[in-house]
Amino acid sequence: MKRYLGVWRNEPSTFGIGVADQATEFLSRPHGRTSPLYPASATGSPFKLPSDGALLLLVPKSATRLLAILMNDLGSDTSARVYLSHGHAAAVVNCSDIAEARLCIDAATDELAAYEIWPHRAERVQLTEIIAVEPISAASMQIPILDSTGVGADGGQQVSQFNANLALLQQISSRYAPEMQPLVEWLHQSVDCIVEEMRELRAHAPDADGIRKAVTDESVIVELNAELTLLCSQLGSGRLPLPWHGFPVGEYSLFGIGSMVRASWSIYSHLNRTFATFDHIGAVQRRYRALPAFDAFAPSARLDYSAWASSAIGIGNITDGRQEGARYHIPRFSSRWGFHESLHSLSMSWQCLYASASREWNLLTITHEFMHAHVRDLVSEFIDPSHTPPDAILARYNIRSSGDNALESMQVAYVEALVGLYGSALLVPKAADPLVNADRVSVPERLDGQALQTVVRSQSGLFQEIIVHVLDFLYVYDGRDSDYVNSIWSSWSLVPSVIEHVDHYVFRTLCALAVESPAGTSKQIFDDAAGRLRTQLESLRDRDRIKPVIHRAIELLTEPVPRRQLFVMFPAGRYVVELARHFFVDRSLNAALVRDDLTTVRNGRRTYATDVGDYRGETIASPIGFLLDRFADYEDEAGSEEAEFASMWQMLQLT
Amino acid sequence: MAELGVHEQRRYSAVTISHPALGSVKDLRGLLGRRIGKAKHLSSVTPNWTVDRFEFYAYRNFYPATRLAAAGQSLHDRERDNLYSHDVYIAINGEPRAADGHGYAVVASPYVRVLVDLLRQLRDALPAPAPQFFAIDMEGAYSTLASVRDRFSATKVTWQMLGDTGLELVSLSGASPLHSSLHNALRGVASPYSVRVEVRVSDLHCRVSADRHGNLWWYLAAEDRVSIPLTFVDLLNERRLLRLGRTSPLDRVDGADDR
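Worth saying up front: this structure is predicted, and the values here are computed from it rather than measured.

Visitor: Let's hear about the overall build of chain A: which residues, and what values?
Guide: Across its full length, chain A holds 24 helices and 14 strands. What you see for chain A is a C-alpha radius of gyration of 27 Å, in line with the 26 Å of a compact globule of 655 residues. Along the longest, intermediate and shortest principal axes, the C-alpha atoms of chain A span 85 × 65 × 45 Å. Per-residue burial over chain A gives 59% buried out of 655 residues. Looking at chain A alone, contacts between residues at least 24 apart form 73% of all its contacts between residues at least 6 apart. Total accessible area on chain A stands at roughly 24,900 Å², and carbon and sulfur atoms take up 51% of it. In chain A, 57 side chains carry a positive charge and 79 a negative one; their mean positions are 2 Å apart.

See the structure below:
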């Protein structure tokens, strides 16, 4: 199905063009470039270059709408000669001559951003015969350059680099991905604020804290520059004029991966926009101090959470319709980082380019990384030392006071959660001792500053992980065990270090599943969640690549001592689950994330009722919902050409 | 020859299709040849629609024997060259839409598989571009029906629940579900999916249902009411609630029990 189109320079005025089964065929030739092409039709023939003709390279405004025209409106003879690429020239049509190319262009003109026509004869293209129409910039304004003075030599260098990187990103995105303009504007605003702060700090002879702050600010710009260069490289790959705007990744060196970056932006920006619309972080910031306190200590024994059920300060009840504006990550693909989130970037596994339609490399993993950013921001609203000194929180905690408002209550609830997790973790090695009572958790009477630091350092990561998992399970996976477990365990099981800490991953999954368990004691909920998890893991146990991890996970759930160890931690984890359920889950946000009028209901599930290889030209309103719908049909592992084609097809549906 | 009409008092399913080459039953015959049999022109309650009943030949018979017998026919009467005729209605709107200049037709049959077969044949026979179909802006339809009371009254609305584990479609039915507090409460967590409308034309009425994908269905008690659902399509068109797309509504029929 897949074949590589290659070009190479042989004379100043011509380049050679050919087709091969391997990428390496062309890369040893002078200026050799190559990229794979897939027939657009699921039953189409692999790409072949006729002895003469005209290759039409189409850069769409929207790939899904362009492909709908090419595959539906020009007749079956033409649609059989349409091929897909990962680059901005997402559609390549093998035309018999320039006249036919012009007919395709005329039919698709409303959906075209740019195109090139390569007339070829005997595997040669004359440079002077190439017909090219480049995209027009959609940018309505020039991004102003940031003043790099007054921030020191190194800082000034970084700001200068940032200005150049942002100008390049603006140049690329305004022509090839205008939907990314909000990212350009946000980056400019953010770094403008940072530079202003750096200037202020330097202007007033900073103390040690001030110097540290200035260095941190500079390091943020350093990181942004690093991420921007990656984004510019990936988004800018495959710009016109082809073939000389190459991409320095062998297998995609001709057409680049521009369309895949656009698709990833579509997924990310949908998530980001939805969360920004509801602005939970802002609502907490604006309103928590004025909202009534809740009893953070009523469930201290981890037995009865009914006091929280009647609280009116669940996040869905306190949003006030205000939006403070989204903040953005820079999305890009990376084989080094895989799926990873940092303050400024969101990385997706490079394997997603050709295997996103497999369970192992499915793109829903993006949501987990996104939730980390959301939860981190949420938690920082509770425990920002510049707003509430730790001593004040400690004083309230030690007298079991939930404080006078929701913020103070959440602060002590946070400490209570961490203390529970910490205490339970200490008990885990003793779990085999029948005298250890895991049904109730006792927490120390008083903490001092040192102890608070200890529990925060050791357990805040787990606290956030549990909330991330609960939100991911409910918001993205509709509370469905099979998709959730299959997705995250298919993905995790490929990470080499996971085998050393399978118990951690089992525990987090148990916490997530527990949010949909029937009400009951911690033991009952644990048994329910463990049973459900085991059922799902059993369905994965025969997959060769992930066998070791899955088998180990099942052992932990079934062997008496490891199971008891998990249970010892569980009541403490349940406290965090209940905190998430009652205070951080918003059903309206959930609805907004998956809302899409294209869906119907089949077999009790929401679905787009679309098959791989359909080209309907529909705008997918919920990329997350679309990927979840696709998940059931994914192959388990990467490697098959069908999975590669499905990966390409689904990404192009999102642009 | 005796009238071969086999109008059935039962549920009919319909879709709205648009293509430049589909302007009349004669066009249909030109496209589908021997798959189209006799046609009969019917009267319409709305002057802008031309309504015909025609025979469409499918590869198997869908009529129950009792139905044929009630019409005084046998399977043999409906068979020709191993194809079996079924009565299908087509209503063609003579006025191209102001929104996009397209003409359109509503095609209805009591058997969804007959409709699927017919649409597949049409798609293969029609010259490029491929035919398109009308979906419905259901949120807009709810708003419109909430304010329009004379000839149209919504007696059932169905919402698609979003993000509620184990719950997909919820229906509210009664004299005016669009004005209920429960209807308002669902807005934030659900999406409008379908509607059932009582349509009255003079002293004739018909209960028409429509989903947001463009599937229409109604119970046809008597043939003289076959054009009543068209007045609902006209309402949707006037209010710009019809959206052209490439997806056949039949691809997205939901799996709810009452379908």
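Structure shown, so let's carry the discussion forward.
Visitor: Any chance you could break down the overall build of chain B for me, citing the residues and the numbers?
Guide: Secondary structure assignment for chain B yields six helices and 13 strands. Its C-alpha atoms put chain B at 55 × 40 × 40 Å along the principal axes. In chain B, which comprises 259 residues, the proportion classed as buried is 53%. Partitioning the contacts of chain B with sequence separation of at least 6, the portion at a separation of at least 24 is 69%. Per element, the accessible surface of chain B, about 11,000 Å² overall, is 49% carbon and sulfur.

Visitor: Tell me about the interface of chain A and chain B, residues and numbers included.
Guide: On the side of chain B, 27 residues touch chain A, which itself brings 31 residues to the contact. Buried area between chain A and chain B, both sides added, is near 2,300 Å², and the carbon and sulfur share of it is 39%. Applying the counting rule to chain A against chain B returns four salt bridges. The closest approach of N and O atoms between D73(A) and R246(B), which form a salt bridge, is 2.9 Å.

Visitor: Please give an account of the confidence of the model for chain B that cites residues and values.
Guide: Across chain B, the average pLDDT comes to 89, with 95% of residues at 70 or higher. Interface confidence for the predicted complex, given as ipTM, is 0.92, next to a pTM of 0.93.

Visitor: Requested: an account of the pairing of strand β12 (residues 345-349) of chain A, with residues and values cited.
Guide: Residue and element names in this part refer to chain A. Extensive coverage of β12 is indicated by the burial of five of its five residues. As paired strands, strand β10 (residues 330-334) and β12 are joined by five bridges and run parallel to one another. Directly across from S334, in β12, lies its bridge partner S349. The pairing of strand β11 (residues 340-341) with β12 spans two bridges and is antiparallel. Opposite H340, over in β12, you have S347 as the bridge partner. The loop that links β11 with its antiparallel partner β12 comprises three residues.

Visitor: Let's hear about the sheet that holds β10(A): which residues, and what values?
Guide: Residue and element names in this part refer to chain A. Spatial strand order, β10-β12-β11: three strands in an open sheet with mixed pairing. Sheet topology places β10 and β11 at the edges, where each strand pairs with a single neighbour. Packed on one face of the sheet, helix α8 (residues 258-278) meets β10 and β12 and runs near 130° to β10.

Visitor: Outline unusual backbone geometry, supporting the account with residue identities and numerical values.
Guide: Looking along the chain, the bond that leaves L240(A) and enters P241(A) is cis, with omega of 0°. In this structure, P241(A) sits in the loop between α7 (208-235) and α8. Here A128(B) and P129(B) are connected by a cis peptide whose omega angle stands at 5°. Unusually for a residue other than glycine, H31(A) sits at a positive phi of about 55°. One can find H31(A) in the loop between α1 (24-27) and β3 (33-39). Accessibility expressed as a relative area gives 52% for H31(A), which makes it exposed. Although it is not a glycine, A122(A) adopts a positive phi angle of roughly 45°. As for its position among the elements, A122(A) is in the loop between β7 (112-121) and β8 (124-126). Classification of A122(A) as exposed rests on a relative accessible area of 60%.

Visitor: Got a sec to walk through the nonpolar core? Specific residues and values, please.
Guide: Counting residues in hydrophobic clusters, the biggest one holds 192 residues, and the most contacted among them are Y288(A) and W489(A). Those residues within four positions of Y288(A) in sequence are excluded, and the remaining contacts are A283(A), I313(A), I318(A), F382(A), N405(A), A406(A), L407(A), M410(A), F583(A) and F584(A).

Visitor: Can you tell me about the packing of aromatic side chains, naming the residues and giving the values?
Guide: With the rule as written, the count across this model stands at 36 aromatic pairs over all chains. Relative to W350(A), the ring of Y252(A) has its centre 6.2 Å away and its plane inclined at 70°; by these criteria the two rings are edge-to-face. Of this pair, Y252(A) sits in the loop between α7 and α8 while W350(A) sits in the loop between β12 and α12 (352-355); the two residues are 98 residues apart in sequence, bridging distant segments of the chain. A connected cluster of aromatic rings, assembled from ring pairs, spans W186(A), W265(A), Y268(A), F275(A), Y328(A), F370(A) and Y475(A). The cationic tip of R359(A) hangs over the ring face of F631(A); the distance from NZ or CZ to the ring centre is 5.4 Å. The residue whose ring lies beneath R80(B) is Y57(B), and the NZ or CZ to ring-centre distance is 4.1 Å.

Visitor: Can you explain the side chain of S487(A)? Please cite residues and give values.
Guide: Residues and elements named next belong to chain A. Tracing the sequence through the fold places S487 in helix α17 (residues 481-492). You can call S487 buried: its relative accessible area is 1%. Residues in contact with S487, not counting those within four places in the same chain, are R359, N362, L364, Y477 and F631.

Visitor: Could you give an account of the environment of V59(A), with specific residues and numbers?
Guide: Residues and elements named next belong to chain A. Note on placement: V59 falls in strand β4 (residues 52-60). C-alpha separation for the pair V59 and G238, spaced 179 residues apart in sequence, amounts to 9.9 Å. With residues near it in sequence (within four places) discarded, V59 still touches H88, A89, E111, L112, A113, A114, Y176 and L240.

Visitor: Give me the lowdown on helix α20 (residues 547-558) of chain A, citing residues and values where you can.
Guide: Structural remark: α-helix, 3.6 residues per turn; residues separated by three or four positions point the same way. Residues and elements named next belong to chain A. Relative to the 16 Å expected for twelve residues at 1.5 Å per residue, α20 spans 16 Å between its end C-alpha atoms, a close match to the ideal helical length. Residues of α20 that are buried: V549, I550, A553, I554, L556 and L557. The arc enclosing the buried residues of α20, seen along the axis, measures out at 155°, which places them on a common side. Among the structural elements, α17, α18 (502-514), α19 (522-538) and α21 (560-584) are those in contact with the buried residues of α20.

Visitor: Can you lay out the side chain of H188(A) for me, pointing to particular residues and giving the numbers?
Guide: Residues and elements named next belong to chain A. Among the structural elements, H188 can be located in helix α6 (residues 181-203). According to the relative accessible area criterion, H188 is buried, its value standing at 12%. H188 has contacts with I143, P144, L146, F162 and L166, leaving out every residue within four places of it along the chain.

Visitor: So what about the environment of E111(A)? Which residues, and what values?
Guide: Residues and elements named next belong to chain A. Position of E111 relative to the elements: it lies in the loop between α4 (98-108) and β7. Assessed through its relative accessible area of 12%, E111 is described here as buried. In the structure, E111 is positioned 82 residues away from R29 in sequence and 35 Å away in space, judged by C-alpha atoms.

Visitor: Which residues make up the packing of α8(A) against helix α23 (residues 623-631) of chain A, and what values do they have?
Guide: Residues and elements named next belong to chain A. Viewed as axis vectors pointing N to C, α8 and α23 meet at an angle of 120°, and their least axial separation amounts to 8 Å. Between α8 and α23, the interaxial angle falls into the category oblique. Seen from α8, the contacting residues are S266, I267, H270 and L271; seen from α23, they are P623, I624 and L627. Along the lines of polarity and charge, the residues of the contact of α8 with α23 split into five nonpolar, two polar and no charged.

Visitor: If you had to explain α18(A) to someone new, which residues and values would you point to?
Guide: All names here are of chain A. Taking 1.5 Å per residue, 13 residues should reach 18 Å; α18 reaches 18 Å between its end C-alpha atoms and fits that length. Counting buried residues along α18, eleven of its 13 residues qualify, which places the element largely inside the surrounding structure. Packed against the buried residues of α18 are α16 (449-476), α17, α19, α20 and α21.

Conventions we followed
- Residues numbered from 1 in each chain as written.
- Chains lettered and ligands numbered in written order.
- Predicted model: local features only at pLDDT ≥ 70, side-chain atom pairs only at ≥ 80, totals over all residues.
- Heavy atoms only, no water.
- Helix = DSSP H or I, 4+ residues; strand = E, 2+ residues; numbered from the N terminus.
- Rg over C-alpha atoms; globule rule 2.2 N^0.38 Å.
- Buried < 20%, exposed > 50% of the residue type's maximum accessible area, 1.4 Å probe, protein only.
- Contact = heavy atoms within 4.5 Å.
- Areas by Shrake-Rupley, 256 points an atom, 1.4 Å probe, with all protein chains shown as cover.
- Lys, Arg positive; Asp, Glu negative; His and termini not counted.
- Charge placed at Lys NZ, Arg CZ, Asp CG, Glu CD.
- Buried area = accessible area lost by both parts, 1.4 Å probe.
- Salt bridge = Lys/Arg side-chain N within 4 Å of Asp/Glu carboxyl O.
- pLDDT = per-residue confidence, 0-100.
- Pairing = 2+ DSSP bridges.
- Axes fitted to C-alpha atoms, helices over the stretch in contact; angles between N-to-C directions.
- Core = buried A, V, L, I, M, F, W, Y, C linked by side-chain atoms within 4.5 Å.
- Phe/Tyr/Trp six-rings, centres within 6.5 Å; stacked < 30°, edge-to-face > 60°.
- Lys NZ or Arg CZ within 6 Å of the ring centre and 35° of its normal.
- Expected span 1.5 Å × (residues − 1).
- Arc of directions from axis to C-beta.
- Parallel < 35°, antiparallel > 145°, perpendicular 65-115°, else oblique.
- Nonpolar A, V, L, I, M, F, W, Y, C, P; charged D, E, K, R; others polar.

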